[in-house]
There are 2 protein chains.
Amino acid sequence: MLSKHQIKVIKSLAQKKYRHELGLFLVEGIKSITEFLESDYELDGLYTTQPIFESHASKTVTISEKDLMRISQLKNPNTALAVFKIPNHTDVKYNGLTLALDAVRDPGNLGTIIRLCDWFGVQSILCSTTTVDCYNPKVVQATMGSLTRVSVNYIDLEAYLKHASTTISGTFMDGDTIYTEDLPKEGVVVLGNEANGISESIESLVNRRLSIPQFGNSKPTESLNVANATAIVLSEFLRRTIET
Amino acid sequence: MLSKHQIKVIKSLAQKKYRHELGLFLVEGIKSITEFLESDYELDGLYTTQPIFESHASKTVTISEKDLMRISQLKNPNTALAVFKIPNHTDVKYNGLTLALDAVRDPGNLGTIIRLCDWFGVQSILCSTTTVDCYNPKVVQATMGSLTRVSVNYIDLEAYLKHASTTISGTFMDGDTIYTEDLPKEGVVVLGNEANGISESIESLVNRRLSIPQFGNSKPTESLNVANATAIVLSEFLRRTIET
């Protein structure tokens, strides 16, 4: 049974303001919750309609389907909802490749990008403060647990890149063909906003301008979705590490 | 002004059954409608709140914002909705690479895959009859006009592949690393269902088993989203055509 106050607090976590005031975020679905429980993330509370996750009984509240409907962000809530603590990422690791996102706004895109980083072994993502919050429930949902293995850090991207002593690659419509260029094994790769690409201030800091070429008769005004561009770019950077 | 009957007919096109009974589908948004008007697709009717698309005046009905809300499939309808005729694809073109989809169910994924085919110059997609309808409004929306340049055909995929005299590639968790294998310039590439991958009956017809390898410490049970897998697979097949 949940009190009105508890319901209000949990529902408030749909909003970035309250997530960061309270230092808490939502995870839904048994598979994702299991991955967070097995990770370094610290559990705050677990709300389930059935007795699962028994090793976390002290933090578990059994609730009705109706209460789950009330606190869930999903159309079809699935047995359990968990609240975890937002960690402090003070130690950013830069092994190999780091992805930087300049104002990626769509939660589904960020979620997919985090999942791709997990697949390709990219451990850190640097996000401009204008990038969608990675603890947004839609992002967490789309990462399918990958958020537990990829560190996402919100920083002043321009200030950071200005002082970075590494290769800064970025994708542009008019860059050099990514397929035939030598690519560094380490460094930062910047992907830009869905509508506008990489902003001018960040563009001026990029020292490797890359492009994913179009084939066939597609319209020259078309662009790739940023998540698909990330898939192709990471695939290109990482496959080179196999061949050598 | 729209009659109740007109509203009912247009709204019914959200459902596959009525789309195929009437041979009509919906396109929303000025950019997408413009691309369909400039293509071989035949316009049935155009419903706009403002006088745009003046060269199609005879088929245009000016409607109120309220009526647009009624007939739209979008949360925020944008000025215009068009109804186009579903074409008969009797002549499938097989130049270069053809994509085959085995039970891809998510409209967003199919839309993204059509857009990727457009980018990479893949002219034809063969879909199992269990694949989501490409005239589903969410698919049309996600293709952003690419559906006008890529032919999508629903067939008995197993029967077709059984008699295809070409290389049939497919992606599997245990296939050969796509990055280091020789890849054919022509043939069919099969991508499978979101949850279950390629079905057993289709798998037995695949003669090139490929795999996108994982890097780093991602969980071995993870899989790539089918749209991202398509992005990486098409990128790999097409980049080889540059290098030679």
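See above for the structure.
Because the structure is predicted, anything quoted here is derived from the model rather than measured. (Residues numbered from 1 in each chain as written. Chains lettered and ligands numbered in written order. Predicted model: local features only at pLDDT ≥ 70, side-chain atom pairs only at ≥ 80, totals over all residues. Heavy atoms only, no water.)

Caption draft 1: Spatial organisation of the overall build of chain A. Across its full length, chain A carries 9 helices and 10 strands. Along the three orthogonal principal directions, the C-alpha set of chain A runs to about 60 × 40 × 35 Å. Burial status across chain A gives 54% buried among its 244 residues. Look at the contacts in chain A between residues 6 or more apart in sequence, and 76% of them connect residues 24 or more apart. Accessible surface for chain A amounts to roughly 11,200 Å². Of this, 49% is attributable to carbon and sulfur atoms. Within chain A, the 28 negative side-chain charges are centred at a point lying 7 Å from the centre of the 24 positive side-chain charges. (Helix = DSSP H or I, 4+ residues; strand = E, 2+ residues; numbered from the N terminus. Buried < 20%, exposed > 50% of the residue type's maximum accessible area, 1.4 Å probe, protein only. Contact = heavy atoms within 4.5 Å. Areas by Shrake-Rupley, 256 points an atom, 1.4 Å probe, with all protein chains shown as cover. Lys, Arg positive; Asp, Glu negative; His and termini not counted. Charge placed at Lys NZ, Arg CZ, Asp CG, Glu CD.)

Caption draft 2: The arrangement of helix H3 (residues 30-37) of chain B in detail. Among all positions of H3 of chain B, only Ser32, Ile33, Glu35, Phe36 and Leu37 of chain B are buried. Along its buried surface, H3 of chain B packs onto strand E1 (24-28), strand E2 (43-48), strand E4 (80-85) and helix H6 (137-143) of chain B.

Caption draft 3: Summary view of the interface of chain B and chain A. Of the residues lining the interface, 38 residues belong to chain B; the matching set on chain A comes to 38 residues. Together, the buried faces of chain B and chain A total about 3,300 Å²; carbon and sulfur atoms form 59% of this surface. On the surface where chain B and chain A come into contact, there are 2 salt bridges. Between chain B and chain A we count 7 residue pairs in polar contact (both at pLDDT 80 or more) in total. Elements with a minimum of two residues in the side of chain B that touches chain A: H3, helix H5 (107-119) and helix H9 (226-243) of chain B. (Buried area = accessible area lost by both parts, 1.4 Å probe. Salt bridge = Lys/Arg side-chain N within 4 Å of Asp/Glu carboxyl O. Polar contact = N/O pair within 3.5 Å; in protein donor to acceptor, adjacent residues only side chain to side chain.)

Caption draft 4: Fine view of the sheet that holds strand E1 (residues 24-28) of chain A. Residues and elements named next belong to chain A. One open sheet holds the 4 strands; their spatial order is E1-E4-E2-E3, and the pairing between them is mixed. Whereas interior strands pair on both sides, the edge strands pair on one side only; in this sheet they are E1 and strand E3 (60-62). Going from strand to strand, the sheet's axes swing by 20° on average, the running direction of each strand aside. Here E1 pairs with strand E4 (residues 80-85) via 5 bridges, running antiparallel. (Pairing = 2+ DSSP bridges. Axes fitted to C-alpha atoms, helices over the stretch in contact; angles between N-to-C directions.)

Caption draft 5: Layout of the pattern of salt bridges. Taken as a whole and assessed by the stated rule, the structure comprises 26 salt bridges over all chains. The partner of Glu236 of chain A in a salt bridge is Arg240 of chain A, with the nearest N and O atoms 2.8 Å apart. On the criterion of helical spacing, the pair formed by Glu236 of chain A and Arg240 of chain A is a turn pair, its members being 4 residues apart in helix H9 (residues 226-243). When sorted by exposure, Glu236 of chain A lands in the same class as Arg240 of chain A, which is buried. The partner of Glu236 of chain A in a salt bridge is Arg239 of chain B, with the nearest N and O atoms 3.6 Å apart. One end of the pair, Glu236 of chain A, is in helix H9; the other, Arg239 of chain B, is in helix H9, on a second chain. With respect to class, Glu236 of chain A is no different from Arg239 of chain B; both count as buried. Where salt bridges share partners, they join Glu236, Arg239 and Arg240 of chain A together with Glu236, Arg239 and Arg240 of chain B into one cluster.

Caption draft 6: Just the relation of the copies chain B and chain A, in detail. Its rotation angle being 180°, the transformation that places chain B on chain A also includes 0.0 Å of axial translation and leaves an RMSD of 0.0 Å. Classification of the inter-copy transformation places it as that of a two-fold axis. Both copies contact each other with a shared surface, as 100% of the interface residues of chain B are interface residues in chain A too. (Least-squares fit on C-alpha atoms with pLDDT ≥ 70 in both.)

Caption draft 7: Representation of the sheet that holds strand E10 (residues 208-211) of chain B. All names here are of chain B. Strand order in this open sheet of 6 strands is E7-E6-E5-E9-E8-E10, and the pairing throughout is parallel. If you trace the sheet from one side to the other, it starts and ends with strand E7 (151-155) and E10, each paired once. Pairwise comparison of adjacent strand axes, ignoring direction, gives a mean angle of 35° for this sheet. Sheet contacts for H5: strand E5 (97-101), strand E6 (124-128) and E7; angle to E5, the most-contacted strand, approximately 175°.

Caption draft 8: A look at the packing of aromatic side chains. Scanning the entire structure with this criterion turns up 18 aromatic pairs over all chains. Consider the rings of Phe25 of chain A and Tyr135 of chain A, whose centres lie 4.4 Å apart with planes at 45°: the pair is tilted. You can see Phe25 of chain A sitting in strand E1 and its partner Tyr135 of chain A sitting in the loop between strand E6 (124-128) and helix H6 (137-143), a full 110 residues away along the chain. An angle of 70° between the planes, with centres 6.5 Å apart, marks the rings of Tyr41 of chain B and Tyr135 of chain B as edge-to-face. (Phe/Tyr/Trp six-rings, centres within 6.5 Å; stacked < 30°, edge-to-face > 60°.)

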